[in-house]
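A look at the structure
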Amino acid sequence: MSLQLDPVNISQRIRELEEQLRHQRIAEQELRQSAEFLQAVIDGLQHEVVVLDHQGTVLFVNAEWIRMAQINGMMDPNYGVGTNYLRICHEARGKDSTEAPSVYKGLRSVLDRQTDRFYLEYPCEMDHVVHWFALKASRFEWDGHHYLLLVHEDVTERKQAETELKLSQTRLASIVNTAVEGILVIDDQGKIDAFNPAAERLFGYPQEEVIGQHIEEFISLPEQATPDQYWASFIQQTGRHESVGQEREVMGRRKDGTTFPLSFSISEMRLGGKRGFTGLLRDITEPKQREQELRMAQQQAEAANQAKTRFLANMSHEIRTPLNAIVGFSQILLNRVQDLDVPREFRQYLEDVQLSSQHLSELINNILDLSKIEAGKTPVVEEDVYLHLLLKNIFHINNAQALQKNLKFSYRIGPQVPERIRIDRSKLNQILMNLVGNAVKFTSESKSVILEAVREGDTILFRVIDQGIGISQDRWEQIFQAFEQVDDTITRHFGGTGLGLAITRNLVLMMGGSIWVDSQLGVGSTFFVKLPFVEVKSQAMPNRKSHAASYRFSPDHVILMIEDDRKSREMMQALCEDMGLTLHLAENGSRGVSKALELQPDLIFVDMHMPAMDGLEVTKTIRHLPGFKKLPIVALSADAFTEKQQAALELGITEYLTKPLEYKKFLTILKKYLRQAPSTETVPSAVVVPQMPDSLRSKLHQALRVFTKLPIYQGEKVLEQIESIRELCEPFDTPYLSILQQLETALFHGDVERFEQLINDMTISASP
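Just so you know, these numbers come straight off a predicted model, no measurement behind them.

This paragraph deals with the overall build of the chain. A tally of regular secondary structure across the chain gives 23 helices and 24 strands. A burial count over the chain gives 41% of its 768 residues as buried. Sequence separation of at least 24 residues holds for 60% of the intrachain contacts in the chain that already meet a minimum separation of 6. Counting only carbon and sulfur atoms, one obtains 52% of the accessible surface of the chain, whose full area is about 43,000 Å².

Set out below in structure tokens:
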């Protein structure tokens, strides 16, 4: 039997085979492309990827694996493909075997279907630097076989971050746990999540007993009705609770039931999207106790200060009342002996009485001044001051004592010092009087004292230089303290209270200046005062007032004095009589009100301190009487405190005079509210008289007799008398005006011999 081939069938079969081969080639190409694509994808991963078969043999590695193999010096051209990964781990020895057994067991358990996945983090030293890797293994099946996919990931940065985080957490925990202040963490419902050891010590609770409890169990919070209402305000969607970030004082409750004051502040925080609060707690028991002690001490100090003020007021009243009589009567006697030919010793005795009473009054004023300065009740009042004239007056007032001690006292004014400045005249005068008075007091006879004033820019530097007892350097600061002197013998030897320099320093500071001393014990001292000032360009000289003794008032005036002290009544009555006035008297408040209704006076003087009905009650009562609302009522008081004066003025007092009565201030009040008596002897200013009439010449001679009895050291009185005589002489053609000018010059230069010669010449030329 022969085989016969059908050409048609063969050709068809060939075509089918060719088609199958073509499809196979296409499938193989697609498979290669898929494999290449998959390889590209796996190579693009930044982690090392390895595929093991079910025996642990390496079937596939990606480009990252190859790169790491090259870095680690693996010379195998296949970079491990075909090697058994499990066997390498199982047989590992030395330093590389630390994690190998764990890797072997983990991978074996996945291949044996004991677990689905395996994860391990381990360190590896590369180039002397420790890196951390994470090994992830998972099983997968393909074509009836199972395989193992290994992924290596470099987690060094994460491990470092975790290490730093743990270190930060450890450090933070250490800070919190060792903090002196209590710290707690509260959730948005007010329940405690954390409680540090300091908080445990504060409340006496261990942390485990506090966690989960509401904060209201331990702290009484402000502003709440219930805990829920209070803490609900913290979780409102709009705005912040006003307590957040603020330190509050609350009360804490300890485990033993006792309470204690706490300083409590809350800060808001967010963790994992949830709101929470950190509370800072501080036991303020001791600060509160200190605050209470300080408050009590302050109250005691205020009470003591008030007691001191009352004591000073009482002492001022008790001392000033009899002193008022001494000053007043001595002034009356001095006024009356001016026209009498009495022995010079008699007049000197009167002047000594007056000077002693003025000194005592000055000591009282110093004590009150210090009290007012310490209380901040002495305001700075600036005014235009003729500085050169003020310094001359200070010189002449103190030159009297200098002459008595045979001291050489002089003053110098720098060429740049302006004539007229704006400054607190009263305080400047008191400062310089205190310093010059001390210099004269502490300098022995035949030595010198100098007062200097020089300009330094917008300040004037005053220097008071003496050759006195001096001060050791260790006492330079102390002498400016109240009641301090160089040593205890100073008060016994020289007198004084030790208040002058303390008051002076406070006055200088109030005026924005500075004061210091340079001194050598046994040689002398220089006190420096630097004060700011404002120059006033106008240099017009002030008009001097006429001599007080020349004033006479209309006898038609009705004056009432309400005073319980007999000596004060008699003194005021005598003063008024000398000025042509009749003074009506009432010895108590109720009698004074009746007298006021009866007399309808033009002016009332009322003592502030009277039994039963004091001066303020009298004033209020009189003010309510018909027609008495605008009547001038002048207070006479031994109380010199500013607040007392202010209170009196607010309650209806028109003017306030302090005891002992100052004659000039008393005269100023009279001139303000009363009319002067008409003078029949006054020559009208419009009439030109070539020569002085004999009647006025006789009056001039009488005034000169008074003048000759005034010592040169009573500078202010001498100047007043010169001005009185000048007013008398000015309308006439006389040589006396020129002599008066020369008298002023001699007075300002302290030229006693020239002064007495000029008075003698004037007396002779004026004789009738």
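Let's shift gears to the pairing of strand 21 (residues 583-586). Here strand 20 (residues 559-562) runs beside strand 21; their pairing, made up of four bridges, is parallel. Residue pairing across strands places Ile-559 opposite Leu-583, the latter belonging to strand 21. As a crossover connection, the stretch from strand 20 through helix 15 (residues 566-578) into strand 21 is right-handed.

Glancing now at the nonpolar core. Judged by nonpolar contacts, the single largest core of 40 residues is most densely connected at Leu-428 and Phe-462. Listing elements by their share of this core, those giving two or more residues are helix 11 (387-404), strand 14 (420-423), helix 12 (425-441), strand 15 (448-456), strand 16 (459-466), helix 14 (500-510), strand 17 (514-520) and strand 18 (524-532). Tallying contributions element by element places helix 12 first for this core, with seven residues. In contact with Phe-462, not counting residues within four places along its chain, are Leu-387, Leu-391, Leu-428, Leu-432, Glu-452, Ala-453, Phe-527, Phe-528, Val-529 and Leu-531.

Turning our attention to the pattern of salt bridges. One pass over the full model with this rule turns up 26 salt bridges. Between Glu-249 and Lys-288 there is a salt bridge, with its nearest N and O atoms 3.0 Å apart. You can see Glu-249 sitting in strand 9 (residues 247-253) and its partner Lys-288 sitting in helix 9 (residues 285-337), a full 39 residues away along the chain. With a relative accessible area of 48%, Glu-249 lands in the partly exposed category. Via salt bridges that share partners, Glu-121, Arg-158, Lys-159 and Glu-162 belong to a single interconnected network.

Turning to its location among the elements, Asp-283 is positioned in strand 11 (residues 274-283). Expressed as a C-alpha distance, the spacing of Asp-283 and Glu-249, which sit 34 residues apart in the sequence, is 9.9 Å. Residues contacting Asp-283, with those up to four places away along its chain left out, are Leu-202, Arg-254, Phe-260, Pro-261 and Leu-262. In this structure the side chain of Asp-283 is engaged in a polar contact, spanning 2.6 Å, whose partner is the side chain of Thr-285.

Once that is clear, we can look at unusual backbone geometry. Even without a glycine there, the phi angle at Arg-113 is positive, about 65°. Its place among the elements puts Arg-113 in the loop between helix 4 (100-111) and strand 3 (117-126). With a phi angle near 70°, Ala-612 is a residue other than glycine that sits in the positive phi range. Position of Ala-612 among the secondary structure elements: in the loop between strand 22 (603-607) and helix 17 (615-623).

This next bit is on the sheet that holds strand 14. The three strands lie next to each other as 12-14-19, forming an open sheet whose pairing is antiparallel. For this open sheet the edge positions go to strand 12 (383-386) and strand 19 (534-535), each flanked by a neighbour on one side alone.

This part covers the packing of aromatic side chains. The relative placement of two aromatic rings is captured by the distance of their centres and the angle of their planes. Counted by the stated rule, this structure contains ten aromatic pairs. Between Phe-203 and Phe-218, the aromatic rings sit 6.3 Å apart at their centres with planes inclined by 75°, giving edge-to-face as the arrangement. One end of the pair, Phe-203, is in helix 6 (residues 197-203); the other, Phe-218, is in the loop between helix 7 (207-210) and strand 8 (219-220), with 15 residues separating them in the sequence. In this structure Phe-203 comes out as buried when scored by relative accessible area, which is 0%. The class for Phe-218 is buried, based on a relative accessible area of 5%. In textbook terms, an aromatic cluster arises when at least three aromatic residues are bridged by ring pairs, as seen for Phe-195, Phe-203, Tyr-205, Phe-218 and Phe-260. Between Lys-159 and the ring centre of Trp-132, over which it is positioned, the NZ or CZ distance is 4.4 Å.

The five strands lie next to each other as 21-20-22-23-24, forming an open sheet whose pairing is parallel. Of all the strands in the sheet, the pair left with one neighbour each is strand 21 and strand 24 (655-658). If you compare each strand with its neighbour and ignore which way they point, the axes differ by 20° on average. In this sheet, strand 24 lies alongside strand 23 (residues 633-637) in parallel orientation, the contact comprising four bridges. Looking across to strand 24, one finds that Leu-636 is bridged to Leu-657. Contacts from helix 16 (residues 589-599) reach strand 20, strand 21 and strand 22, with the element oriented near 170° to strand 20. Helix 17 rests against strand 20, strand 22 and strand 23 of the sheet, and its axis sits at about 150° to strand 22.

Looking now at the packing of helix 16 against helix 17. Look at helix 16 against helix 17: their axes get within 10 Å of each other, and the N-to-C directions meet at 25°. In terms of orientation, helix 16 lies roughly parallel with respect to helix 17. Helix 17 is crossed by helix 16, and the crossing has right-handed handedness. Here Gly-589, Val-593 and Ala-596 of helix 16 lie close against helix 17, whose contacting residues are Val-618, Thr-621 and Ile-622. Partitioned by chemical class, the residues of the contact of helix 16 with helix 17 number four nonpolar, two polar and no charged.

This paragraph deals with the side chain of Asp-466. Secondary-structure assignment places Asp-466 in strand 16. Among the polar contacts listed, one links the side chain of Asp-466 to the backbone nitrogen of Gly-468, at a separation of 2.8 Å. Not counting the four nearest positions on each side in its chain, Asp-466 is found in contact with Ala-439, Thr-443, Ser-448, Val-449, Val-523, Gly-524 and Ser-525.

What follows is about the packing of helix 12 against helix 14. Their axes nearest at 9 Å, the elements helix 12 and helix 14 cross at an angle of 145°. In terms of crossing hand, the pair formed by helix 12 and helix 14 is left-handed. Along the contact surface, helix 12 presents Lys-427, Gln-430, Ile-431, Asn-434, Leu-435 and Asn-438, while helix 14 presents Gly-500, Leu-501, Ile-503, Thr-504, Leu-507, Val-508 and Met-510. A class-by-class count of the residues in the contact of helix 12 with helix 14 yields seven nonpolar, five polar and one charged.

Position of His-54 relative to the elements: it lies in the loop between strand 1 (48-52) and strand 2 (58-61). In this structure His-54 touches Arg-108, Leu-111 and His-146, once residues within four positions along its chain are discounted. A distance of 3.0 Å separates a polar atom in the side chain of His-54 from a polar atom in the side chain of Gln-55.

All right, on to helix 14 then. Every buried residue of helix 14 is listed here: Gly-500, Leu-501, Ala-502, Ile-503, Thr-504, Leu-507 and Val-508. Directly beyond the C-terminal end of helix 14, a positive phi value near 80° is found at Gly-512.

Here is what the cut-offs are and how they apply
Residues numbered from 1 in each chain as written. Predicted model: local features only at pLDDT ≥ 70, side-chain atom pairs only at ≥ 80, totals over all residues. Heavy atoms only, no water. Helix = DSSP H or I, 4+ residues; strand = E, 2+ residues; numbered from the N terminus. Buried < 20%, exposed > 50% of the residue type's maximum accessible area, 1.4 Å probe, protein only. Contact = heavy atoms within 4.5 Å. Areas by Shrake-Rupley, 256 points an atom, 1.4 Å probe, with all protein chains shown as cover. Pairing = 2+ DSSP bridges. Right-handed = clockwise from strand over helix to strand, strands pointing away. Core = buried A, V, L, I, M, F, W, Y, C linked by side-chain atoms within 4.5 Å. Salt bridge = Lys/Arg side-chain N within 4 Å of Asp/Glu carboxyl O. Polar contact = N/O pair within 3.5 Å; in protein donor to acceptor, adjacent residues only side chain to side chain. Phe/Tyr/Trp six-rings, centres within 6.5 Å; stacked < 30°, edge-to-face > 60°. Lys NZ or Arg CZ within 6 Å of the ring centre and 35° of its normal. Axes fitted to C-alpha atoms, helices over the stretch in contact; angles between N-to-C directions. Parallel < 35°, antiparallel > 145°, perpendicular 65-115°, else oblique. Left-handed = near helix turned anticlockwise from the far one by under 90°. Nonpolar A, V, L, I, M, F, W, Y, C, P; charged D, E, K, R; others polar.

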